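One-letter residues, chain by chain:
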Amino acid sequence: MSKLLQGCHLNSIHRRSFAAIISKPPRSISVVSSLQPQFSPFKAQNVISYFFSSLHRRNLSLRAFDSSSETKSDVVSQEKSENDCRDDDGALSSTSVPEEYPSGEFEFKEMNGWMRFVVKLRMLIAFPWERVRKGSVFTMKLRGQISDQLKSRFSSGLSLPQICENFVKAAYDPRISGIYLHIEPLNCGWGKVEEIQRHILDFKKSGKFIMAYAPVCGEKEYYLGSACDELYAPPSAYFSLYGLTVQASFLGGVFEKIGIEPQVQRIGKYKSAGDQLTRKTMSEENCEMLTALLDNIYGNWLDKISSAKGKKREDTENFINEGVYQVEKLKEEGWITNINYDDEIISMLKEKLGRPKDKDLPMVDYRKYSKVRKWTLGLSGGKDKIAVIRASGSISRVKSPFSIPGSGITSEQFIEKIRSVRDSKRYKAVIIRIDSPGGDALASDLMWREIRLLAASKPVIASMSDVAASGGYYMAMGAGTIVAENLTLTGSIGVVTAKLNLGTLYGKIGFNKEIISRGRFAELTAAEQRPFRPDEAELFAKSAQNAYKQFRDKAAFSRSMAVDKMEERAQGRVWTGKDAASRGLVDAVGGFSRAVAIAKQKANIPQDRPVTLVELSRPSPTLPEILTGMGNSLVGVDRTLKELLQDLTYSNGVQARMDGILFQKLEEASDSNPIFTLVNGWFII
C-alpha cells in the first residue's frame, strides 16, 4: 500500500509524519556459482598470471557520520584532497585509467569425455526426485510475481535465482533436449525481465532449442518471447503491444474538498511525494523525471526488440503506433513464428524430437527441475566461497509480529548476517543483492554503517534488481562497487515530510481535540487539529533540511564525490541504472553474473576458477506453506492481509522510500493505488 511522505533520516520531530513508497532466517546453503562445469578434477592450473585488481576507487574509511560536525569535516577534507582529480561530472578521475570490470558473460563449454562419464555416474546415484527421462523438455510458466529471494521447496511462486539456475542446468543437462516456456502477464519490474532475457540468450549458446507460447502478451512478455528461437500464440491470443505509460496521482483536490490542509516540507525538487498531497497537477520537475524514465525504458524496449527480430527501430516503432492486435498480422509481418494452440506445439515438439504421436512427450516442470542439484550435472563449485545476502522488500528496524519470512528487510536480522560474514574467514567476498524501494531511514543508516565496516575487511559488491532507491540506495552506497541493471530504478536521494492540519475536517464532523502540553514544541506533531505556529514551521523545515543533508552528504562521502556534484544528482530524482552509471551513482551495468565476476576480481580470484556462492538469506518454510504450499493460514488470513498488518504495525518514523511512481505496464504493483487507513490518529496513504 502506498504511503505518500518520505524522509531520509530518523528524527524525533518527524515521528508520526507521513512517508512515501513506490508500491509496496538465516540458514546458509551452498550454491554453485560457476556458469560452466568444472570438467575435470585433474585440470591443471592456468599458467597465465592473473592481474590483481586495482585498489578500491572510493575511500572505505570505517568512519560513519556520528555527528553533523564530523560529517561536514569529513566531506570538506575529502573534497579538498580530491579536488584536483575530478572530472567535470564530479567523479574521481586523476591521471589513472578508470577501473575496468569483467563482464561476467556466460560462455558455454562442452563437457569432455571424462566429465560426461562422471555425470552419468552421478545421475545413476541421484535422488529419486532428481531423475529426469532422457530427451525431456524443460517447461516453465513465467507469470505473476517473481521474487528476488530464494524460496523453500514448500513455497509457491517463482524465484528469480531459481529461474536463472534452471536455465544454466538445462544448458548442460544431457537429459534436456530444449525448453518450452509459457509466458503470461508478469508482475515484476524491468530489472528482473532483463535478467531472465539474458539467461534465455545464454541458454541458446548451448545449441538446444527454446520455444515460447504466449496466450496473453504485453511489452514485458514479448520482450522475453522475442529472445526465444520461436514464439507462438493461439488464434484468440490477447496481444496489447501499444506502448508504455507512466502515471502520477494527486490528492490536492480531494483534501481541499474534505477540509485537510497538508503542511509539506519537500527537500529535492524531484521529490514528488509532497506534490501528491498538495498539487492537483504534475509539476514540471516531476514531469521531466518521469519522461526521462519512460524514454529510457521505451527506447531500450524498441532497441532490444528490433535487434531480436532483425528490424529497424523506426519500423518497430511504426508497427507499435499502428495499434496492432490481430494475431494474423503479427504472423504476417514476422513478429511471431506461427499461430498454434498449445497441443499443436506439443505435437510439433514430438515430431522435432522423433517421438511417436501416440506417445507422451517427456517433460519436466519448473518445480521438479528446481530439485535437481548442480553437483549432479557436474557444475561443481570451487573452494573459494562468496557470501550472498539478499535484501528484498520494505525496510524496517524490527520484525513485526505479523511479518512473513522473506517479506521484507529487517535491519536487526540483516546486521546479524553482515557481522557473521565479517567475522568469518570462509568468505573471500560478499554480494549484497538489493530489491527495495526503501523504508525506515534509521534502519537504512544502521545497515549502511555495517556494510561499510564489512567493506573495509573484504570486497563487497551491491547488485541491484528491479529497484534500489532511497533507503535501498542508502544500503547500496555502503558497498565498494555497485552493479545495476540497465533499467533498475535507483537514486531518489531526497526528503519529503509533512503534517496534516485536520482542523477544518474536525469542524465539519463535529469532532474536537484539546491538548495540555509542557515544552515549547511538545505539540509539533501531536496537534493535528491546527496548523503550525511560525516557530514550529521553522523548526519542522530545519529538521527536514538537516535530514536531507545527512543523506546527501553520506552519499557524496560513499561515492567519493563533491557535495555540490552529488546535489545535482540527488534532489529526490529517480534514475535508471544506465543513467545512474553515467553520473557516478553506480559503477557498472549488468546482472548478478557480472556482480559475481567483479567479486572474483576484487578478491583476486581468476575468472576461470569456479567459486561457490553461499546463500545466507533463504527463508525457512512456515507451517502453512508446508500444509498447503500456498502460504495461507488455516483460518484464512492470507499473505496480503499479513503484509498490510505488518506495514500498519511499524508505520512511525521517517521513511527513506522512493516516491509513489506508478508505471502502467512497467511496475504494475498491486498496491500502487493509495488506500487510506487510520493508524494512531494519522492517515497513512
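Conventions and cut-offs
Residues numbered from 1 in each chain as written. Predicted model: local features only at pLDDT ≥ 70, side-chain atom pairs only at ≥ 80, totals over all residues. Heavy atoms only, no water. Helix = DSSP H or I, 4+ residues; strand = E, 2+ residues; numbered from the N terminus. Buried < 20%, exposed > 50% of the residue type's maximum accessible area, 1.4 Å probe, protein only. Areas by Shrake-Rupley, 256 points an atom, 1.4 Å probe, with all protein chains shown as cover. Salt bridge = Lys/Arg side-chain N within 4 Å of Asp/Glu carboxyl O. Polar contact = N/O pair within 3.5 Å; in protein donor to acceptor, adjacent residues only side chain to side chain. Phe/Tyr/Trp six-rings, centres within 6.5 Å; stacked < 30°, edge-to-face > 60°. Lys NZ or Arg CZ within 6 Å of the ring centre and 35° of its normal. Patch = residues over 30% accessible without salt bridge, like charges linked within 9 Å, V, L, I, M, F, W, Y side chains within 5 Å. Axes fitted to C-alpha atoms, helices over the stretch in contact; angles between N-to-C directions. Parallel < 35°, antiparallel > 145°, perpendicular 65-115°, else oblique. Left-handed = near helix turned anticlockwise from the far one by under 90°. Contact = heavy atoms within 4.5 Å. Nonpolar A, V, L, I, M, F, W, Y, C, P; charged D, E, K, R; others polar. Core = buried A, V, L, I, M, F, W, Y, C linked by side-chain atoms within 4.5 Å. pLDDT = per-residue confidence, 0-100.

Quick word on the overall build of the chain
Stage number 1. Within the chain, the secondary structure is distributed over 22 helices and 28 strands.
Stage number 2. When the 685 residues of the chain are sorted by exposure, 57% land in the buried category.
Stage number 3. About 29100 Å² of surface is accessible on the chain, with carbon and sulfur atoms providing 52% of the total.

A closer look at the pattern of salt bridges
Stage number 1. Under the defined criterion, the tally for this structure stands at 38 salt bridges.
Stage number 2. Salt-bridge contacts for aspartate 384 lead to lysine 428; the nearest nitrogen and oxygen are separated by 2.8 Å. With aspartate 384 in the loop between α12 (366–369) and β13 (385–392) and lysine 428 in strand β16 (residues 427–436), this pair connects stretches of sequence that are 44 residues apart.
Stage number 3. Between arginine 390 and glutamate 615 there is a salt bridge, with the nearest N and O atoms lying 2.9 Å from each other. Here arginine 390, found in strand β13, pairs with glutamate 615, found in strand β24 (residues 612–615); they are 225 residues apart in sequence, far enough to count as distant.
Stage number 4. Salt bridges linked by common partners bring Asp148, Glu195, Arg198, Arg390, Arg433, Glu485 and Glu615 together as one network.

Some remarks on the environment of aspartate 587
Stage number 1. Looking at where aspartate 587 falls in the secondary structure, it is placed in the loop between α19 (577–582) and β23 (588–589).
Stage number 2. Residue class for aspartate 587 comes out buried when judged on its relative accessible area of 16%.
Stage number 3. Along the sequence, aspartate 587 and glycine 577 sit 10 residues apart, while their C-alpha atoms lie 9.6 Å from each other.
Stage number 4. Of note is the side chain of aspartate 587, whose polar atom sits 2.8 Å from the backbone nitrogen of isoleucine 482.
Stage number 5. Side-chain polar atoms of aspartate 587 contact the side chain of arginine 559, separated by 3.0 Å.

Some words on the packing of aromatic side chains
Any two aromatic rings considered together are summarised by their centre-to-centre distance and by the angle between their planes.
Stage number 1. What the rule picks out here adds up to 11 aromatic pairs.
Stage number 2. The interplanar angle of 40° and the centroid separation of 5.0 Å between the aromatic rings of phenylalanine 138 and tyrosine 369 together place this pair among those described as tilted. Taken together, the positions of phenylalanine 138 in strand β2 (residues 136–147) and tyrosine 369 in helix α12 put the pair 231 residues apart, joining distant regions of the chain. Accessibility assignment for this pair places phenylalanine 138 and tyrosine 369 in one class, buried.
Stage number 3. Seen from the ring of phenylalanine 592, arginine 390 lies directly overhead, with NZ or CZ sitting 5.3 Å from the centre.
Stage number 4. The ring of tryptophan 575 carries arginine 573 above its face, with NZ or CZ at 4.5 Å from the centroid.

Thoughts on a nonpolar patch on the surface
Stage number 1. Together, Trp114, Phe117, Leu121, Leu124, Ile125 and Trp375 make up an exposed nonpolar region whose accessible area comes to about 650 Å².
Stage number 2. On the secondary structure map, tryptophan 375 appears in the loop between α12 and β13.

Brief notes about the environment of alanine 292
Stage number 1. Tracing the chain through its elements places alanine 292 in helix α8 (residues 284–309).
Stage number 2. With a relative accessible area of 23%, alanine 292 lands in the partly exposed category.

Points about the packing of helix α4 (residues 190–204) against α8
Stage number 1. For the pair α4 and α8, interaxial distance at closest approach is 13 Å and the crossing angle is 15°. It follows that α4 is roughly parallel to α8 by the angle criterion. Crossing geometry of α4 relative to α8 is assigned as left-handed. Of the residues in α8, those in contact with Trp190, Glu194 and Gln197 of α4 are Ile297, Asn300, Trp301 and Lys304.
Stage number 2. In terms of residue class, the contact of α4 with α8 is built from 3 nonpolar, 2 polar and 2 charged.

Points about the nonpolar core
Stage number 1. Within the largest apolar cluster, 66 residues are counted, with the highest numbers of intra-cluster contacts made by Phe167 and Leu181.
Stage number 2. Looking at this core element by element, the count peaks at 8 residues for helix α3 (residues 160–172).
Stage number 3. What phenylalanine 167 contacts, discounting residues up to four positions off in sequence, is Met140, Ile179, Leu181, Ile196, His199, Ile200, Phe203 and Ile210.
Stage number 4. In this structure, Trp448, Ile451, Leu454 and Met475 belong to the second largest nonpolar core, which totals 51 residues.

So, the packing of α3 against α4
Stage number 1. For the pair α3 and α4, interaxial distance at closest approach is 9 Å and the crossing angle is 5°. One way to sum up the angle between α3 and α4 is to call them roughly parallel. Between α3 and α4, the residues in contact are Leu160, Ile163, Cys164, Phe167, Val168, Ala170 and Ala171 and Lys192, Glu195, Ile196, His199, Ile200 and Phe203, respectively.
Stage number 2. Per-class residue counts for the contact of α3 with α4 are 10 nonpolar, 1 polar and 2 charged.

Let's talk about the confidence of the model for the chain
Stage number 1. The share of residues in the chain with pLDDT of 70 or more is 74%, and the mean pLDDT across the chain is 80.
Stage number 2. Note that pLDDT drops below 50 for residues 1–36; the model gives that stretch 178 contacts with residues more than four away or on any other chain.
Stage number 3. Residue range residues 623–653 is modelled with pLDDT below 50. Its contacts to residues more than four positions away, or to other chains, number 57 contacts.

Considering unusual backbone geometry
Phi is mostly negative for residues that are not glycine, and the peptide bonds are mostly trans.
Stage number 1. For serine 492, which is not glycine, the phi dihedral falls at a positive 60°.
Stage number 2. The phi torsion at glutamine 571 lies on the positive side, around 60°, for a residue other than glycine.
Stage number 3. Structurally, the position occupied by glutamine 571 is in the loop between α18 (563–569) and β22 (574–576).
Stage number 4. You can call glutamine 571 buried: its relative accessible area is 16%.

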